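# Summary of structural features
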Amino acid sequence: MADRGMATGGRGLTEGDVADTAPDWTDAGAARGRTSHASRARRFVADAARTTWHDASLWGVRAKRDAAAAQVPDWETLREDAASTKRDALARLPELWRRFEERASAAGAQVHWARDAREHNEIVARLLRDRHVSRVVKSKSMLTEECGLNPFLEARGIEVVDTDLGERIVQLRHEPPSHIVMPAIHLRRQEVGALFAREMGSAPGLEDPDALTAVARRDLRGRFLAAEAGITGVNFAVAESGAIVVVTNEGNADLGTALPPLHIACVGLEKIVPETRDLAPLLRLLARSATGQAITTYTSHFRGPRPLPGSELHVVVVDNGRSRLLARPDFEEALACIRCGACLNTCPVYRRSGGHSYATTVPGPIGSVLAPARDPGAHADLPRACSLCGSCSEVCPVKVPLHRQLLAWRGVLADEGHVPRHRRAALAFLSALMLRPTTYHVLARVARSLARRLPAPILDRLAAPWTRTRALPPIPAQSFREQMRARRRRREQEHRP
Ligand code: SF4
């Protein structure tokens, strides 16, 4: 088989930051770094072969999604239903979560509320410490990535093992996931083989994905057996029943919660739906949009702890900036996201720049909408890492108008002063010029005349970086307006009797 990324690693779909250089990928880390998306993307595209197969692999997933969607005659109706369910739920969050807490508590679960990432981590750490837990298995959860749970627990002497294959690979490499559904999609199987040989003692040179999966499975089995607690993400919380739904392809969430007595489920405030029947369109859309599968391998509903002595289920509901986003009518719809990853797979910028270039837990179009809400200063360049092609909004199963939100963010961030000084000065100059048409036309004529006299290499340098990969078209002698005026005059003369 061709040299491809570990697309299969981490096909789990639960909600879900480590290369040899261990970057700090939390939002705070990105804020400290202040490097731009463009400069991080430059590092990724420097490896032309990796960029090509990354692009092709993700486009392949997009093609599978298209084929799966085409087989569902009422696809657009499903999208409408799912979008309206999520928007209705977002409009009634307090009521729905109250009902969820009541029903979940009645079923024996305990519900905890966390205002931010710190509170979330402290609640989880306290639950583990009070029960003398030192070994935890965790299925894929982007929320715990967002909160930086692993380093928080490890600093307190608690071992956390990620059990989703893709997540385990990036955990062993001490790097963040680069995709929300396929965390190790940026890696070649040879790199994974070398990693497993180093970390798990497998035979050097092993590249076959099935053989690599078997190595990881053997290594993880003992860790599952030794774990004293299992942590999972949550795809959906159901207010009507007080149940949580966790979706994976590997069954790791089920094993991680079936063996140890303590299950801690971490859920973002936006993941609630009113009724069990609301799950049907969402689950049909999620699997097809994410990987092109008709249904994911495991869809597990947890309602209360297992009926075994000593079993406990704790649900930690996390805000961490979500209610702030909910208060912004121009961006609140982003909270409808079900983390399928389809907008990443179709995005021409994400496919060619890689997930790590976004320096935020959730990359791609949806990440570029969510990240500036949390820290505009650190992520102001992300809405510009977009061609505004609109493909993300076209594929989104819950109809988040992503490209319109990215465009709106550009205006908001400019108004809030999160635009580099040189760009702000250039825009202010242009704005003043365009408000004075006579001055504009005179200056444009002078600039055109000068540009026509300059040698091409000097012109190219002045127009860089735009001209790094393109040739400047010849500079016309007349402006567009002058050409149109001349054309109109000619026509009038031709038609004169
Ligand atoms: S914004 Fe839409 S397409 Fe993107 S991950 Fe969320 S649900 Fe999927």
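Residues numbered from 1 in each chain as written. Predicted model: local features only at pLDDT ≥ 70, side-chain atom pairs only at ≥ 80, totals over all residues.

Let's shift gears to the overall build of the protein. Regarding its fold elements, the protein presents 24 helices and ten strands. Each of the three principal axes of the protein carries a C-alpha extent, and together these read 100 × 55 × 45 Å. Looking at the protein as a whole, 44% of its 497 residues qualify as buried. (Helix = DSSP H or I, 4+ residues; strand = E, 2+ residues; numbered from the N terminus. Buried ≥ 20, exposed ≤ 12 C-beta atoms within 10 Å, placed from the backbone.)

This paragraph deals with the packing of helix α17 (residues 364-374) against helix α20 (residues 402-415). When two helices pack together, you describe them by how their axes are tilted relative to each other and by the distance separating the axes. Two elements in contact, α17 and α20, have axes separated by 10 Å at closest approach and are oriented at 35°. Judged by the twist between their axes, the crossing of α17 over α20 is left-handed. Contacts between α17 and α20 pair Pro365, Ile366, Ser368, Val369 and Pro372 from the former with Leu402, Gln405, Leu406, Trp409 and Leu413 from the latter. Among the residues making up the contact of α17 with α20, the classes are represented as eight nonpolar, two polar and no charged. (Axes fitted to C-alpha atoms, helices over the stretch in contact; angles between N-to-C directions. Left-handed = near helix turned anticlockwise from the far one by under 90°. Contact = placed C-beta atoms within 7 Å. Nonpolar A, V, L, I, M, F, W, Y, C, P; charged D, E, K, R; others polar.)

Following alanine 464, the chain continues to proline 465 via a peptide bond in cis, the omega torsion being 5°. Summarising the element assignment, proline 465 is placed in the loop between α23 (456-463) and α24 (480-495). Of note in the backbone geometry, histidine 132 takes a positive phi value of approximately 55° without being a glycine. Structurally, histidine 132 is set in the loop between α6 (117-130) and β2 (135-138). Exposure remark for histidine 132: the 7 C-beta atoms within 10 Å place this residue in the exposed category. Here the phi dihedral of lysine 399 falls at roughly 55°; this positive angle occurs in a residue that is not glycine.

Within the secondary structure layout, phenylalanine 429 lies in helix α21 (residues 421-434). As for phenylalanine 429 and proline 363, which are separated by 66 residues in sequence, their C-alpha atoms are 33 Å apart.

Between its terminal C-alpha atoms helix α4 (residues 75-91) stretches 24 Å, which fits the 24 Å expected from 17 residues at 1.5 Å a residue. The complete set of buried residues in α4 reads Ala82, Thr85, Lys86 and Ala89. Down the axis of α4, the smallest arc covering the buried residues is 90°, so these residues share one side. In α4, the exposed positions angled more than 90 degrees off the buried face are occupied by Glu76, Thr77 and Ala91. Where α4 is buried, its residues meet α5 (93-106), β8 (272-273) and α13 (279-291). (Expected span 1.5 Å × (residues − 1). Arc of directions from axis to C-beta.)

Let us look at the domain arrangement of the protein. Segmentation of the protein into domains returns domain 1 (27-323) and domain 2 (426-495). Just the C-alpha atoms count here: the centres of domain 1 and domain 2 sit 52 Å apart. (Domains from an automatic or database assignment.)

On to the nonpolar core. Val136, Ile244 and Val315 are the most contacted members of the largest nonpolar core, which totals 108 residues. Counting residues per element, this core draws most heavily on α13, which supplies six residues. With residues near it in sequence (within four places) discarded, isoleucine 244 still touches Val234, Ala237, Ala265, Val267, Phe302 and Val315. (Core = buried A, V, L, I, M, F, W, Y, C linked by C-beta atoms within 7 Å.)

Here we take up the packing of helix α10 (residues 189-200) against helix α11 (residues 209-226). Taken N-terminus to C-terminus, the directions of α10 and α11 make an angle of 30°; their axes are 11 Å apart at the nearest point. By the angle between their directions, the pair α10 and α11 is classed as roughly parallel. Crossing hand, α10 versus α11: left-handed. Packed against α10, whose contacting residues are Arg189, Val192, Gly193, Phe196 and Met200, the element α11 presents Pro209, Leu212, Val215 and Asp219 at the interface. (Parallel < 35°, antiparallel > 145°, perpendicular 65-115°, else oblique.)

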